[in-house]
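Spelled out from the first residue to the last, the chains are:
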Amino acid sequence: MKKIDITSNIKPKKNNDLNILTSGAFAAPLFEILKSYKNNKSIKLYFGSSFGDAKNSVPTRLKQKQVFDIICLSADAYNEFNKKKLIKNYTKVDIVDSEIAFAVKKNNKVEYNYNPFLFVQLVKQSKKIAIAASASGIYLKQKIFPKLKVKNYHVVKGKRIGSVIAEDKTFDLGFQQYSELLPYENKVNLVGTLPTQMKKRFIFSLAYQKQNEKIEKIDKFLSFLKTKKVSSIIKKKGLTPLI
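Presented here is a report on the structure given in the accompanying data block.

The rules behind the values
- Residues numbered from 1 in each chain as written.
- Predicted model: local features only at pLDDT ≥ 70, side-chain atom pairs only at ≥ 80, totals over all residues.
- Heavy atoms only, no water.
- Helix = DSSP H or I, 4+ residues; strand = E, 2+ residues; numbered from the N terminus.
- Rg over C-alpha atoms; globule rule 2.2 N^0.38 Å.
- Buried < 20%, exposed > 50% of the residue type's maximum accessible area, 1.4 Å probe, protein only.
- Contact = heavy atoms within 4.5 Å.
- Areas by Shrake-Rupley, 256 points an atom, 1.4 Å probe, with all protein chains shown as cover.
- Salt bridge = Lys/Arg side-chain N within 4 Å of Asp/Glu carboxyl O.
- Core = buried A, V, L, I, M, F, W, Y, C linked by side-chain atoms within 4.5 Å.
- Pairing = 2+ DSSP bridges.
- Axes fitted to C-alpha atoms, helices over the stretch in contact; angles between N-to-C directions.
- Right-handed = clockwise from strand over helix to strand, strands pointing away.
- Phe/Tyr/Trp six-rings, centres within 6.5 Å; stacked < 30°, edge-to-face > 60°.
- Lys NZ or Arg CZ within 6 Å of the ring centre and 35° of its normal.
- Left-handed = near helix turned anticlockwise from the far one by under 90°.
- Nonpolar A, V, L, I, M, F, W, Y, C, P; charged D, E, K, R; others polar.

**Let's talk about the overall build of the protein**
Now for step 1: In terms of regular secondary structure, the protein is built from 9 helices and 12 strands.
Now for step 2: Here the C-alpha atoms of the protein give a radius of gyration of 18 Å, agreeing with the 18 Å that 2.2 N^0.38 yields for 243 residues.
Now for step 3: Taken over the C-alpha atoms alone, the protein extends approximately 55 × 35 × 30 Å along its principal axes.
Now for step 4: By residue count, 51% of the 243 residues in the protein fall in the buried class.
Now for step 5: Taking as baseline every contact in the protein between residues at least 6 positions apart, the subset at least 24 positions apart corresponds to 74%.
Now for step 6: As displayed, the protein has an accessible area near 12400 Å², and 48% of this comes from carbon and sulfur atoms.

Below, the structure is given as structure tokens:
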């Protein structure tokens, strides 16, 4: 597998490899999945958030007419890009279900137990909150924080929220998809997911073109995604398999 720098906007070149672009929520599981895929040497992996204007985000790449054989992104993003004609002639397959989680500094012991009152208290007492420039951040910014009258949040671009909480002294609370925070569980205190009353179901999908000349490679990869082995990897990475 030929991995591309997570912060780069390297454009895929026309080749015989399977060029896969994935957003953050499915990035860690996909990387592990590809380690077990026997044809992984013919795959190039690219990264970009489902939303936002970062140089490597999915919409930025689509606007630049970058072409990928497979795109893994949030279902909401797919639907929006489809309406805007940014993503044409693609078939969508829902692959995982995801939840927003939050983390604090490693030495910060937080009482939570999915109590909405304690959650609100934690958010309002935080000095500086980090949120992602993608699906989770948009939901928090538009639906949750306005109701709580919280304004001390900052949209972080090009960095994992887990690394921000672990390394940046100014941030004391961070939100991102659970699967994206999970790799940092030894560096931060991964408190949990949102309270039941505030949860939103985030479905992430895989999009591909059936007319693609590499359709045989795509079909083989799709078949592999449906195996029990892959299902187990997805669960271990904090997601619920749907495929």
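Structure shown, so let's carry the discussion forward.
**A closer look at the pattern of salt bridges**
Now for step 1: Enumeration over the complete set of coordinates arrives at 10 salt bridges.
Now for step 2: Notably, a salt bridge pairs K220 with E216, separated by 3.9 Å at the nearest N-O pair. Taken as a pair, K220 and E216 lie in helix α8 (residues 215-225) at a separation of 4 residues, close to a single helical turn.

**Re the nonpolar core**
Now for step 1: Judged by nonpolar contacts, the single largest core of 64 residues is most densely connected at F175 and F221.
Now for step 2: Formed by 14 residues, the second largest nonpolar core is a distinct cluster that contains A101, A103, A132 and I165.

**Here we look at the sheet that holds strand β10 (residues 188-193)**
Now for step 1: What the 5 strands build is an open sheet, ordered β8-β7-β9-β6-β10; its pairing is mixed. Here the strands that pair on one side only, and so sit at the sheet edges, are β8 (153-156) and β10. Taken over all neighbouring pairs, the strand axes of this sheet differ in orientation by 30° on average, direction set aside.
Now for step 2: In this fold helix α4 (residues 116-125) packs onto β6 (100-105), β7 (129-132) and β9 (173-177), with an angle of close to 120° to the strand it touches most, β9.

**Notes on the pairing of strand β2 (residues 18-22)**
Now for step 1: With 5 of 5 residues buried, β2 is to be regarded as a mostly interior element.
Now for step 2: Residues L18, I20 and T22 of β2 are buried on one face, and the alternating residues N19 and L21, pointing to the opposite face, are buried as well.
Now for step 3: As judged from the 5 bridges shared by β2 and strand β3 (residues 43-47), these two strands associate in the parallel manner. Note that in β3 the partner of L18 across the bridge is I43.
Now for step 4: For the crossover that starts at β2, traverses helix α1 (residues 24-35) and ends in the parallel β3, the hand is right-handed.

**Comments concerning the packing of aromatic side chains**
Now for step 1: Across all of its chains, the model carries 13 aromatic pairs by this definition.
Now for step 2: Residues Y37 and F224 carry aromatic rings whose centres are separated by 5.0 Å and whose planes lie at 40° to one another, so their mutual orientation is tilted. In this pair, Y37 is assigned in the loop between α1 and β3 and F224 in helix α8, connecting sequence segments 187 residues apart.
Now for step 3: In this structure F224 comes out as buried when scored by relative accessible area, which is 15%.
Now for step 4: Pairing F119 with F175 gives two aromatic rings, centres 6.0 Å apart and planes at 80°, and the pair type is edge-to-face. With F119 in helix α4 and F175 in strand β9, this residue pair connects regions lying 56 residues apart in the sequence.
Now for step 5: For F119, a relative accessible area of 0% gives the class buried.
Now for step 6: Judged by its relative accessible area of 0%, F175 falls in the buried class.
Now for step 7: Among the aromatic residues, those joined into a ring-pair cluster are F102, Y112, Y114, F119, F145, Y153 and F175.
Now for step 8: Above the plane of the ring of F171 lies K128, whose end atom (NZ or CZ) is 4.4 Å from the centre.
Now for step 9: Directly above the ring of F202 sits K200, whose terminal nitrogen or CZ lies 5.2 Å from the centroid.

**Some thoughts on the packing of α1 against helix α9 (residues 228-236)**
To describe two helices that pack against each other, one gives the angle between their axes and the distance between the axes.
Now for step 1: It is at 9 Å that the axes of α1 and α9 come closest, and there the two elements cross at 145°. For the pair α1 and α9, the sense of crossing is right-handed. Taking contact as the criterion, the partners of F26, P29, E32 and I33 in α1 are, on α9, V230, I233 and I234.
Now for step 2: Among the residues making up the contact of α1 with α9, the classes are represented as 6 nonpolar, no polar and 1 charged.

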